[in-house]
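# Architecture at a glance
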Amino acid sequence: MGHEVVGTIHRVGPAVTTLRPGQRVVLNPWLSCAPRGITPICEMCQDGQFSLCLNFKRGRLSPGLHTGVCHDAPGGYAPYVPAHESMAIPVPDEVTDDAAVLADPFSVSLHSILRHPPARGDIVVVYGCGTLGLCAIEILKRLFDVRIYAITRFDHQARLAQRLGAIETIPWQPVENIVERFREITGAREVLPPIEGTGGLPMLHGTRGVRVVYNTVGTAESIGVAIRIAGPRSTVVLSGVDTPARFEWSPHYFKEINLVGSNAFGVEEWNGKRQHAMRHYFDLLRTHRIDVTPIITHRYPLDAYKEAFRSTHDQGTSGAVKVLFEFA
Ligand SMILES: [Zn+2]
C-alpha cells in the first residue's frame with residue numbers, strides 16, 4: 001500500500017516547524033488525530049497508541065487508517081508522498097536506506113513481542129515467516145535469551161529464519177507433523193486426542209511447553225495449531241489477520257491460554273524508555289546490531305510494477321519476502 005517509505009523531504013508547508021527540506025525521514029503512516037487536524041487529540045493518541053485512534057473517519061482527511069489507504073494520503077508508489085509533520089521521523093545519518101525502509105514492519109514485530117515479552121529460556125514459536133515473522137526472529141534473537149522455533153511455508157523463508165536465529169524450522173503443513181514435532185521438542189507427557197467429531201487436532205499437555213507463540217498468520221488453522229502446541233497458561237500473540245472462520249478452540253479453555261491481539265505499533269516502552277517504535281528501531285540498530293535487511297529480496301523501478309507485484313504474489317517461485325521500489 002506504499003506506507004513503508006524512506007525518503008528525503010522535498011518541501012515543507014508554512015506551519016511546519018521541526019523539519020526542513022533535505023532531511024531524510026521515514027513515515028509513521030497512521031492518519032490519526034494530529035494529521036487529521038483534530039484537537040484535542042483522542043485519549044489513544046495522547047497515549048501514543050496511534051493505531052487505536054478513535055478518529056480515523058473524522059477530521060480534514062477522508063476516512064482511512066494510514067497512508068496508502070486514504071483518498072487524501074496516497075502512498076509511496078510514487079516519487080512524492082504527502083505527510084503531516086507529526087508523521088515524519090528523522091533517520092540518523094548512520095542508518096542506511098535499506099535499514100530505514102524496514103522501520104514499519106520492524107515496528108509491527110517489536111510491538112507484537114512487547115505485547116507479551118518472553119521470559120529467559122522460554123521456548124517460543126514464530127508462526128509464519130514472511131516479513132513480520134522474520135523481523136520477529138531477529139528481535140527475539142538479539143533482545144531476548146530464548147529458544148526460537150519457526151513455522152514456515154517456503155524453503156527460502158526457512159533459510160532466512162535459520163540465518164536470523166531460529167533453531168529449527170518446521171513446515172506449515174501437514175499440521176499433524178507440527179504437533180508431533182513440538183511433542184518431541186517440549187517433551188510433552190500427554191498427547192490428548194481431538195474431541196470426537198470436531199475435526200480438531202491432538203493437543204499437547206503435561207510440560208511447560210511452548211511459552212509464547214507469535215502468530216503472524218492469523219488463519220483459523222494457525223490459531224488452532226498454536227493453542228495445541230502451546231503450554232498451560234502460555235500466550236499466543238496474534239499479529240496476523242485473516243477472514244473469519246470457525247475452528248475447534250477447546251485447548252484455549254482447557255490450558256487457560258492467553259490470546260493477545262497486536263495491531264501495528266505506536267509509542268512503546270522498552271528498557272525503561274518510552275518512545276516511538278521507529279525511534280527504538282534506530283537505537284537498536286546501533287546498540288544491539290539489529291539487522292533485518294536480509295529480508296529484502298527484490299528491487300524494482302516503479303515502471304516494473306507488474307513484475308514487482310507478481311514476484312510478491314508468487315513468492316513460492318520468486319523467493320520474495322520484502323520487495324522494494326527504488327527511485328533514482
Ligand atoms: Zn486519535
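Look up a bit, the structure's there.
The text that follows walks through the structure, step by step, so that each part is easy to find. (Residues numbered from 1 in each chain as written. Predicted model: local features only at pLDDT ≥ 70, side-chain atom pairs only at ≥ 80, totals over all residues. Heavy atoms only, no water.)

Looking only at helices and strands, the chain features eleven helices and 15 strands. At 21 Å, the chain has a C-alpha radius of gyration in line with the 20 Å of a compact globule built from 328 residues. For the chain, the spread of C-alpha atoms along the three principal axes comes to 65 × 45 × 40 Å. When the 328 residues of the chain are sorted by exposure, 52% land in the buried category. Restricting to contacts in the chain with at least 6 residues of sequence separation, those with at least 24 account for 60%. (Helix = DSSP H or I, 4+ residues; strand = E, 2+ residues; numbered from the N terminus. Rg over C-alpha atoms; globule rule 2.2 N^0.38 Å. Buried < 20%, exposed > 50% of the residue type's maximum accessible area, 1.4 Å probe, protein only. Contact = heavy atoms within 4.5 Å.)

Take the coordination of the zinc ion next. Coordination of the zinc ion by the protein is provided by Cys33 (SG), Cys42 (SG), Cys45 (SG) and Cys53 (SG), with metal-donor distances spanning 2.3 to 2.4 Å. Taken together, the four donor atoms surrounding the zinc ion define angles of 103 to 117° at the centre, an arrangement classified as tetrahedral. Linear spacing of the donor residues for the zinc ion on their chain is C-x8-C-x2-C-x7-C. Here Cys33, found in the loop between β2 (24-27) and α1 (43-46), pairs with Cys53, found in the loop between α1 and β3 (88-90); they are 20 residues apart in sequence, far enough to count as distant. (Donors = N, O, S within 2.8 Å, 3.2 Å for Na, K, Ca; no water. Tetrahedral: all angles 85-135°; square planar, octahedral: opposite > 155°, others 65-115°.)

Here we come to empty space enclosed by the protein. A complete count under the given rule lists two cavities of 30 Å³ or more for this structure. Approximately 40 Å³ is the volume found for the largest cavity. In terms of residues, the lining of the largest cavity owes the most to one element, strand β10 (residues 230-238), which gives three residues. Residues that form the lining of the largest cavity fall into these classes: five nonpolar, four polar and two charged. Forming the boundary of the second largest cavity are Ser109, Ser112, Leu132, Tyr214, Asn215, Thr216, Val237 and Ser239. For the lining of the second largest cavity, the secondary structure elements donating two or more residues are α3 (103-115) and β9 (210-215). Grouping the amino acids of the lining of the second largest cavity by side-chain chemistry returns three nonpolar, five polar and no charged. (1 Å grid on protein atoms, 1.4 Å probe; cavity = no way out; pocket = protein on both sides within 12 Å on 5 of 7 lines; lining within 4 Å. Points joined across faces, edges and corners; volume = space filled by probe spheres on them. Nonpolar A, V, L, I, M, F, W, Y, C, P; charged D, E, K, R; others polar.)

Let us now look at the nonpolar core. Core analysis: the biggest nonpolar cluster contains 60 residues, and Leu134, Ile137, Leu140, Tyr281 and Phe282 have the highest contact counts within it. Examining the composition of this core, we find that seven residues originate from one element, helix α4 (residues 131-143), more than from any other. The residues contacting Tyr281, other than those within four sequence positions of it, are Ala99, Leu102, Ala103, Phe106, Ile290 and Val292. Residues Tyr149, Leu204, Val213 and Ala230 belong to the second largest nonpolar core, which totals 23 residues. (Core = buried A, V, L, I, M, F, W, Y, C linked by side-chain atoms within 4.5 Å.)

Next up on the list: a nonpolar patch on the surface. Residues Met1, Leu65 and Val69 make up a contiguous nonpolar surface patch of roughly 260 Å² in combined accessible area. Considering the arrangement of structural elements, one finds Val69 in the loop between α1 and β3. (Patch = residues over 30% accessible without salt bridge, like charges linked within 9 Å, V, L, I, M, F, W, Y side chains within 5 Å. Areas by Shrake-Rupley, 256 points an atom, 1.4 Å probe, with all protein chains shown as cover. Salt bridge = Lys/Arg side-chain N within 4 Å of Asp/Glu carboxyl O.)

Adjacent strands of a sheet pair through backbone hydrogen bonds, lying either parallel or antiparallel. The strand order across the open sheet formed by six strands is β6-β5-β4-β9-β10-β11, and the pairing between neighbours is parallel. In this open sheet, the two edge strands, each paired with only one partner strand, are β6 (168-171) and β11 (258-261). Across the sheet, the mean angle from the axis of one strand to that of its neighbour is 20°, orientation sign disregarded. Where strand β4 (residues 123-127) and β9 come together, four bridges link them in parallel fashion. Residue Val126 lies in a different strand from β9, and its bridge partner there is Tyr214. (Pairing = 2+ DSSP bridges. Axes fitted to C-alpha atoms, helices over the stretch in contact; angles between N-to-C directions.)

In this structure the tally under the stated criterion is ten aromatic pairs. Between Tyr77 and Phe325, the ring centres sit 5.3 Å apart and the planes meet at 80°, which makes this aromatic pair edge-to-face. Placement of Tyr77 in the loop between α1 and β3 and of Phe325 in strand β15 (residues 322-326) is noted, with a sequence separation of 248 residues between them. The exposure class assigned to Tyr77 is partly exposed, which follows from its relative accessible area of 37%. Note on Phe247 and Trp249: the rings are 6.1 Å apart at their centroids and 70° apart in plane angle, and the pair reads as edge-to-face. Residue classification places Trp249 among the exposed positions, given a relative accessible area of 54%. Here a set of aromatic residues connected by ring pairs shows up, and it is made of Trp30, Phe56 and Phe265. (Phe/Tyr/Trp six-rings, centres within 6.5 Å; stacked < 30°, edge-to-face > 60°.)

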